[in-house]
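# Summary of the model geometry
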Amino acid sequence: LPRPMVEIFVHSARMEGVHLRGGKVARGGIRWSDRKEDFRTEILGLMKAQMVKNSVIVPVGSKGGFTVKRPPVDGGRDAIMAEGIACYRTFMSGLLDITDNLKNGKILPPKDVVRLDGDDPYLVVAADKGTATFSDIANGIAIDYGFWLGDAFASGGSVGYDHKKMGITARGAWESVKRHFREVGKDIQNEDFICVGVGDMSGDVFGNGMILSRHTKLIGAFNHMHIFVDPDPDPSTSFKERVRMFNLPRSSWTDYNAKVLSKGGGIYDRKAKSIALSAEARARFAITKATVTPNELIKVMLQAEVELLWFGGIGTYMKASFETHADADDRSNDAVRVSANEVRAKVIGEGANLGVTQRARIEYALRGGRLNADSIDNSAGVDTSDHEVNIKILLDAVVAKKKLSYAQRNVQLAKLTDELALLVLRDNYMQTQAIMLSQAKSVALLDLQQRFVRMLERAGRLDRVIEHLPDDETWAERARDRVGLTRPEIAIVMPYSKMWLYDTLLASDLPDDPLFENDLVNYFPTALRTKYRKEILAHQLRREIIATVVTNSMINRVGGTFGINLMEKTGVTPVEVARAYIVVRDAFNLRAIWSAIEALDAKVHADVQIKLFYDIEQLIERATLWVLRNVAAPIDIGKTIAELKPGISQLTPSIDKLIPKEVTEHIEFRIKRYTDGGVPAPLARQIAFTILMISAPDIVRAAAQSKRPLADVARLYFQIGETFRLGWLRYNAEKLPADNHWQKLAAAAVIEELYAHQKNLALRMMRGSITGDPLERWTKANASSLEQMKQMLTELSAADLVDLSMLAVASRHLSAFSAGE
């Protein structure tokens, strides 16, 4: 698992090929495989990995690969390349021979093909190992076939986005690296840091990565030919030299200007029998021997005590301590591979694929290392390809209407490059932020994460053994030892949650809601949004894009277990949870608040930002629960936003004037805690009041039901909360020890009841009061019962421990008041 939905097998006397798709709308590269005996197994594994990587974009994962059966024995590399291209052509033709076409919105089945699978016109390919320059070949074949995607069939061709020129894969991975360092209080764009890397400056990922900060002190690197050592580089001069090398048509480490090297530096041939190291190099890498072999030096570099280990080259160089080299499945690097418990780098950036095994990632993370996974770090490349194809589909529709010429389309594509990169990097930023927030919750999420994994297993969507997720015994040990899932594990669970939610939303009518038209339009660069809005709204993948945008919005902001948490509390479907979440997001204008928190990057400590995000998340969870409890299904998103947003907007700036003095003192304490952490006062104030704005939907609804001014209802509502100490009761309910799922649900139920009592009491008092203070009139009329309630609250506050039964009794007493018994 995940299993492919479709397999296409192509073979001839000269080649064999297989293309596996995880769904009808899927994307992944085509590999020229050298594993003749088991290439189908290789492609299956790559397809599974692509499914996880593609969770951030519109299509699910796919992968293709072919082998050359009869490589030429004469003619050298050129002859081998010519045969590979011929076999690749056969493979592409074979795929298109049995693929449906599309013309004027109508399906055109291939001739002389018996179809048993229904309409299926979406087939795209991309570059991969061995086929990096083949996109134009594939697109030429697609155009010859009259295939509807034209040169969107294979992204990255001559009329497409050059990933190396954009530096997009490295820039995406750098978002992960920057976040790791921000969390330990370091800004690597403005502070020097020590780095070791795998690759060379001619490489896309390594080269681009090593010019993303002027403060990179690269003390060592290696590729398949050379080893680079620079014990104490000057950040400024070494940066300039790396830029110079990167801009050369071709380069290797031997092109590095030796004059720029610090004292004791050198560039060594990996074929050498031994390397005589300088005193400076030995000191830098803590080597006691005067001479080492090339492989020994590489292993020492991988184990070096540095701040960043940057993987930018092909190969698996790190395994778990309990794994064998065979487990790494990369025999060519067995001699230099190190174990996770030997790696002392503080942060690992996985710009390249498979630099680290998943078990090694987990072991390294459990020891305090900071990393995600390659599927997260280097997803920007496939994200760029996805945007390219979808933009081409859009612009080709415009060309078909003769509103744009083909040449003008190509010019337009080029102009979009910079903004497209920003859209893609935003995805990387948001995914890594989501992982950070989940990891920071640690043990608090373990139970929900386990329940979610079990749900996926029951549905046949996940195999935790294959994904190296903990078994139940290990999960129990983690809970006992207060150790949450590591980031590499979250980097599996979160994408699976996206795949699950995406499939569910796509199968529903949610993507057809006109409310999401702006989400669809905003997926595209700004220059296209107004000019081609009509064509965007008619996009071939309209529903898929909307389902993806909604999925990312929800899971990036509230985590992968948010859906199952609310489903278990309310019994609703994940689609209804998504609808309710969108209502809350837009009714409370949360995008503006999130942006303000993100603007504090490198200005306040990451822990402060995490706390701010959590306060917003508490608001989201409570308000989403309110929507699910109080709005009939299926939720009319637009209507519900229209009901709530005006009142919430009115309440937000005035709430401080509507609360009792005792509550104000509590809020001022929260504001000071934020401002002491460097948060600007206006934002600190807005976040501090979210603990009260949680009640905004109740207040808005109560004002509408009682036909009273919103300010009067809000003032009464908060007075009731203080009189009956409802905030204190809810606080104690939140603090209850929750050793199992049912205890958590019981505590959550009490909290919901207490909120309901507060609203119902407000409604009852307003119904019984025509003039004067509603609370005062009601208090006089119920003096005896109120005194009993106050005595009970006094007893509760004097108790050493407030447990669930005590809170349940208090809630029962309050229900008698609120219901009018």
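Every value quoted in this text rests on a predicted model; they were computed, and no experiment measured them. (Residues numbered from 1 in each chain as written. Predicted model: local features only at pLDDT ≥ 70, side-chain atom pairs only at ≥ 80, totals over all residues. Heavy atoms only, no water.)

Each helix and strand counted, the protein chain has 37 helices and 17 strands in total. For a compact globule of 821 residues, the expected C-alpha radius of gyration is about 28 Å, and the protein chain comes in at 30 Å, within 12% of that figure. Per-residue burial for the protein chain yields a buried fraction of 57% across its 821 residues. Of the contacts formed within the protein chain by residues at least 6 apart in sequence, a portion of 72% connects residues at least 24 apart. Of the roughly 34400 Å² of accessible surface on the protein chain, 52% is carried by carbon and sulfur atoms. Both charge centroids of the protein chain, one from 108 positive and one from 102 negative side chains, sit 3 Å from each other. (Helix = DSSP H or I, 4+ residues; strand = E, 2+ residues; numbered from the N terminus. Rg over C-alpha atoms; globule rule 2.2 N^0.38 Å. Buried < 20%, exposed > 50% of the residue type's maximum accessible area, 1.4 Å probe, protein only. Contact = heavy atoms within 4.5 Å. Areas by Shrake-Rupley, 256 points an atom, 1.4 Å probe, with all protein chains shown as cover. Lys, Arg positive; Asp, Glu negative; His and termini not counted. Charge placed at Lys NZ, Arg CZ, Asp CG, Glu CD.)

Turning to the pairing of strand E9 (residues 216–222), a few remarks are in order. For E9, the tally of buried residues reaches seven of seven residues, placing the bulk of the element in the interior. Since strand E8 (residues 193–198) and E9 lie parallel, the crossover through helix H6 (residues 204–209) that links them has a hand, and here it is right-handed. Two successive antiparallel strands, E9 and strand E10 (residues 226–229), enclose a turn made up of three residues. (Right-handed = clockwise from strand over helix to strand, strands pointing away. Pairing = 2+ DSSP bridges.)

If you walk across this open sheet you meet the six strands as E11-E10-E9-E8-E14-E17, and the pairing is mixed. Across the chains shown, the open sheet's two edge strands, defined by having one partner strand only, are strand E11 (266–269) and strand E17 (347–350). Strand-to-strand twist across the sheet, computed as the mean angle between neighbouring axes with direction ignored, equals 20°. Direction of pairing for E9 relative to E10: antiparallel, over a ladder of three bridges. Along E10, the bridge assignment pairs glycine 220 with valine 229. Helix H5 (residues 168–183) contacts E8, E9, strand E14 (308–311) and E17 of the sheet and is inclined by roughly 165° relative to E14. (Axes fitted to C-alpha atoms, helices over the stretch in contact; angles between N-to-C directions.)

Across its 16 residues, H5 extends 23 Å between first and last C-alpha, which sits within 8% of the 22 Å expected from 1.5 Å per residue. Here H5 lies mainly inside the structure; 14 of its 16 residues are buried. Remark: glycine 185 follows H5 within two positions and exhibits a positive phi of approximately 85°. (Expected span 1.5 Å × (residues − 1).)

The peptide bond linking alanine 633 to proline 634 adopts the cis configuration, its omega dihedral lying at -5°. Tracing the backbone through its elements, the reader meets proline 634 in the loop between helix H26 (606–630) and helix H27 (637–651). Here serine 442, not a glycine, exhibits a phi torsion of approximately 50°, which is positive. One can find serine 442 in the loop between helix H15 (417–441) and helix H16 (446–458). Phi is positive for alanine 602, close to 65°, though the residue is something other than glycine. As for its placement among the helices and strands, alanine 602 is situated in the loop between helix H25 (590–598) and H26.

The next subject is the packing of helix H31 (residues 696–706) against helix H32 (residues 710–723). Across the interface, H31 lies against H32 with an axial gap of 9 Å and an inter-helix angle of 120°. Taken together, the axes of H31 and H32 lie oblique to each other. Judged by the sense of rotation from one axis to the other, the crossing of H31 with H32 is right-handed. Residues Asp698, Ile699, Val700, Ala702, Ala703 and Ser706 of H31 pack against Leu710, Val713, Ala714, Tyr717 and Phe718 of H32. Of the residues belonging to the contact of H31 with H32, the class tally is nine nonpolar, one polar and one charged. (Parallel < 35°, antiparallel > 145°, perpendicular 65-115°, else oblique. Left-handed = near helix turned anticlockwise from the far one by under 90°. Nonpolar A, V, L, I, M, F, W, Y, C, P; charged D, E, K, R; others polar.)

Let's shift gears to the pattern of salt bridges. Counted by the stated rule, this structure contains 65 salt bridges. Salt-bridge contacts for glutamate 323 lead to arginine 359; the nearest nitrogen and oxygen are separated by 3.7 Å. Of this pair, glutamate 323 sits in the loop between strand E15 (318–319) and helix H10 (325–328) while arginine 359 sits in helix H11 (residues 358–366); the two residues are 36 residues apart in sequence, bridging distant segments of the chain. A relative accessible area of 32% means that arginine 359 is categorised as partly exposed. Look at the salt bridges and you will find they share partners, linking Asp151, Glu388, Lys392, Asp396 and Arg409 into a network. (Salt bridge = Lys/Arg side-chain N within 4 Å of Asp/Glu carboxyl O.)

Turning next to the side chain of lysine 63. Tracing the backbone shows lysine 63 in strand E5 (residues 60–68). In this structure the side chain of lysine 63 is engaged in a polar contact, spanning 2.6 Å, whose partner is the side chain of aspartate 128. What lysine 63 contacts, discounting residues up to four positions off in sequence, is Val18, His19, Leu20, Gly29, Ile43, Leu46, Met47, Gln50 and Asp128. (Polar contact = N/O pair within 3.5 Å; in protein donor to acceptor, adjacent residues only side chain to side chain.)

This next bit is on the environment of phenylalanine 669. Looking at where phenylalanine 669 falls in the secondary structure, it is placed in helix H28 (residues 661–676). Among the residues examined, phenylalanine 669 registers a relative accessible area of 54% and is labelled exposed. It is 8.8 Å that separates the C-alpha atoms of phenylalanine 669 and alanine 688, two residues lying 19 residues apart in sequence.

So, on to the side chain of serine 93. Within the element layout of this structure, serine 93 appears in helix H2 (residues 76–97). Judged by its relative accessible area of 19%, serine 93 is buried. Every residue in contact with serine 93, bar those within four places of it in the chain, is listed here: Ile141 and Tyr145.

A few words now on the packing of aromatic side chains. Pairs of aromatic rings are described using the distance from one ring centre to the other and the angle between the two planes. Applying the stated criterion to the full structure yields 21 aromatic pairs. Between the aromatic rings of phenylalanine 311 and tyrosine 317, the centroid separation amounts to 6.4 Å while the plane-to-plane angle is 15°, which identifies the pairing as stacked. You'll find phenylalanine 311 and tyrosine 317 in the same group, each marked buried. A centroid spacing of 5.0 Å and a plane angle of 85° characterise the contact between tyrosine 523 and phenylalanine 524, whose relative ring orientation is edge-to-face. Residue classification places tyrosine 523 among the buried residues on the basis of a relative accessible area of 12%. Here phenylalanine 524 falls in the buried class, since its relative accessible area comes to 0%. Residue placement shows arginine 179 over the ring face of tyrosine 429; its charged tip is 4.5 Å from the ring centre. Directly above the aromatic system of tyrosine 755 lies the positively charged group of arginine 730, at a separation of 3.9 Å from the ring centroid. (Phe/Tyr/Trp six-rings, centres within 6.5 Å; stacked < 30°, edge-to-face > 60°. Lys NZ or Arg CZ within 6 Å of the ring centre and 35° of its normal.)

The subject of this paragraph is H27. Here H27 spans 21 Å end to end across 15 residues, near enough to the 21 Å set by a 1.5 Å rise per residue. The largest bend along H27 measures about 30° and falls at leucine 644, with the proline proline 646 one to four residues further on. Three or more residues of H27 are buried, namely Ile637, Thr640, Ile641, Leu644, Gly647, Ile648 and Leu651. Turning to H27, the residues buried within the fold contact helix H24 (574–587), H26, helix H30 (690–693), H31 and H32. Between the side-chain oxygen at the start of H27 and the backbone nitrogen of glycine 638 there is a gap of 3.4 Å, and the oxygen is on aspartate 636. (Bend = angle between axes of the 7 residues up to and from the residue.)

Attention now moves to the nonpolar core. Counting 199 residues, the largest nonpolar core has Met92, Phe588 and Phe724 as its most contacted members. Other than its neighbours up to four places away in sequence, phenylalanine 724 contacts Leu729, Leu761, Met765, Trp778, Leu786, Met789, Leu793, Leu814 and Phe817. Within the second largest apolar cluster, 36 residues are counted, among which are Ala281, Phe285, Ala304 and Ala320. (Core = buried A, V, L, I, M, F, W, Y, C linked by side-chain atoms within 4.5 Å.)

Moving on: the packing of H26 against helix H34 (residues 741–767). At their nearest, the axes of H26 and H34 sit 12 Å apart, and the two run at 70° to each other. Taken together, the axes of H26 and H34 are roughly perpendicular relative to one another. Considering only the axes of H26 and H34, their crossing is right-handed. When H26 is examined against H34, the residues Arg622, Leu625, Arg629 and Asn630 are found in contact with a partner set consisting of Glu752, Tyr755 and Lys759.

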